[in-house]
Amino acid sequence: MNCKLLLRTLFIVIGGCGAGCLPEEQIIPVEINISLNVKDRNHTSPLYVSIENHSEYAREFHWRFEGGVPSVFTGKHPPVVRFDTPGKHAIVLEAANDASRLSKTLYIQVDSAVTTGFNWKPVINCYAPAEVKFTNFSTGGTTYEWIFEGGEPAKFTGKHPPDITFPQAGVHMVSLRIDNGSKIFTISDKITVMPELAGTFGIYPSWEDEDYEAPLTAELIADLQGTETISWDCSGARLANPACEKTEIFFHLPGNYQVNMHIGNGKQIRTVSQNITIRQNHNLRIHRNVCFGINTASEIIGCCYSTKRRKIFTQTEISYTSGKEIDLVFLGLNKNFSLNKFISPDSCILYPLLPIQDASHTVFYKEVGNKITPETFLEMEDDYLLENTIWEPISHPVCTKGDIVLFHTADKRKGVILVKEMVDAGILNSHIITDIKIQKND
């Protein structure tokens, strides 16, 4: 018998005790003292419980672990017990010795195992304002708390939230907080909302039609956001491709036109309109402030001009392809402008100028009747005077400030030059400044 369980008391009888007196043993009752330990106080299934047994005076120990693995055990110090099933479980210890038997029950709460996950999809699409549906696949939680950054509503408590609207474009964080009573699980995802439907466009006449006279070809260029579809229409005009963001439009007749752009994103449709006025064709193109350099300025300013390309060329810029487009060549002898005249491109070889390859032929005229003057030149808004003035050919007319020079290009366009200024800027930069009015004939 364990010495801790026996109290031996020896009674020595003095006087009246015989030699047959024996000592008596007293057994102390069982004392049960047990405690349960759960790691990190997390009661989520599977739950592992370690048990500390500090009971005293017991010789026998019988354990029952309701719903546990193992379910029973005999011995003072049980192994770690695993509980898989959520709920309240009893842990029972019966301890005994020869004198007493005692039982004690403790309870352990096992919380549900948690699985996490949710997904989302737009009700229609992700263009702002975007309405989004959420599906929660999470299990085991006792509470579910949602946070929708930038959403309406911004928060929701419950497993299955309503559809959430995100009014603004951008990246929005969505978080779900799951609590099973002992541990909190958090998952999140990002929702990208694209810009809302919007758009503008510009009407850009071609370089040849910048005077807005009929017939006119222009380019339509859209500036869009949040758009999946586009279409154009314009009554009285012809569109090259009505379903492209960038397309060409042709106006054959003068008038007032409304160009409509229809855009959509699958849930909204908007129409953006612009008006454009196409004027009557006056068959006259105006070239303002065209500078022609003198001979020694031909490499810096240039003395050769193309009325089709509206460009002055220096000698080094002239190539085979550009040479045949040159209509006017200015011959300026010196910075004092002692001799100034316009010559035909194909006659450069006769002067101290580089010859032009594949040069065209321009005819110069003098006017009979003097209808075109500097004053009438400024008033010209159409080609009436050019068509109804009697011209006589003249060989390379000499000119000075205020003079009018008439010409006829190789492609049968009549034109007139007004010499406005003669600028003395040294031998490399002296030049004349002109305005040119010429028939379009296109």
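Relevant structure appears above.
Described below are features of the structure shown in this document. The model shown is predicted, which means the values in this text are computed figures rather than measured ones. (Residues numbered from 1 in each chain as written. Predicted model: local features only at pLDDT ≥ 70, side-chain atom pairs only at ≥ 80, totals over all residues. Heavy atoms only, no water.)

1. Some words on the environment of Ala 425
The residue Ala 425 is located in the loop between β33 (414-423) and β34 (431-439) in this model. Distance from Ala 425 to Ile 278, taken between C-alpha atoms, is 42 Å for residues 147 residues apart in sequence. (Helix = DSSP H or I, 4+ residues; strand = E, 2+ residues; numbered from the N terminus.)

2. Section: the pattern of salt bridges
Evaluated as defined, the whole model comprises 16 salt bridges. In this structure, Arg 413 and Asp 411 form a salt bridge, with 3.0 Å as the shortest nitrogen-oxygen distance. The class of Arg 413 is buried, set by a relative accessible area of 4%. On the basis of relative accessible area, Asp 411 is assigned to the partly exposed category, the value being 37%. Through salt bridges with shared partners, a single ionic network connects Asp 211, Glu 213 and Lys 440. (Salt bridge = Lys/Arg side-chain N within 4 Å of Asp/Glu carboxyl O. Buried < 20%, exposed > 50% of the residue type's maximum accessible area, 1.4 Å probe, protein only.)

3. What about the sheet that holds strand β3 (residues 34-38)?
Strand order in the open sheet made by the 4 strands is β3-β4-β8-β6, with antiparallel pairing throughout. Edge positions in the sheet fall to β3 and β6 (68-69), since each has one partner strand and no second. (Pairing = 2+ DSSP bridges.)

4. Observations regarding the side chain of Thr 409
With respect to the helices, strands and loops of the structure, Thr 409 is situated in the loop between β32 (404-408) and β33. Judged by its relative accessible area of 3%, Thr 409 falls in the buried class. A polar contact is formed between the side chain of Thr 409 and the side chain of Asp 411, at a distance of 2.4 Å. Not counting chain neighbours up to four residues away, the residues in contact with Thr 409 comprise Asp 327, His 361, Thr 362 and Ile 438. (Polar contact = N/O pair within 3.5 Å; in protein donor to acceptor, adjacent residues only side chain to side chain. Contact = heavy atoms within 4.5 Å.)

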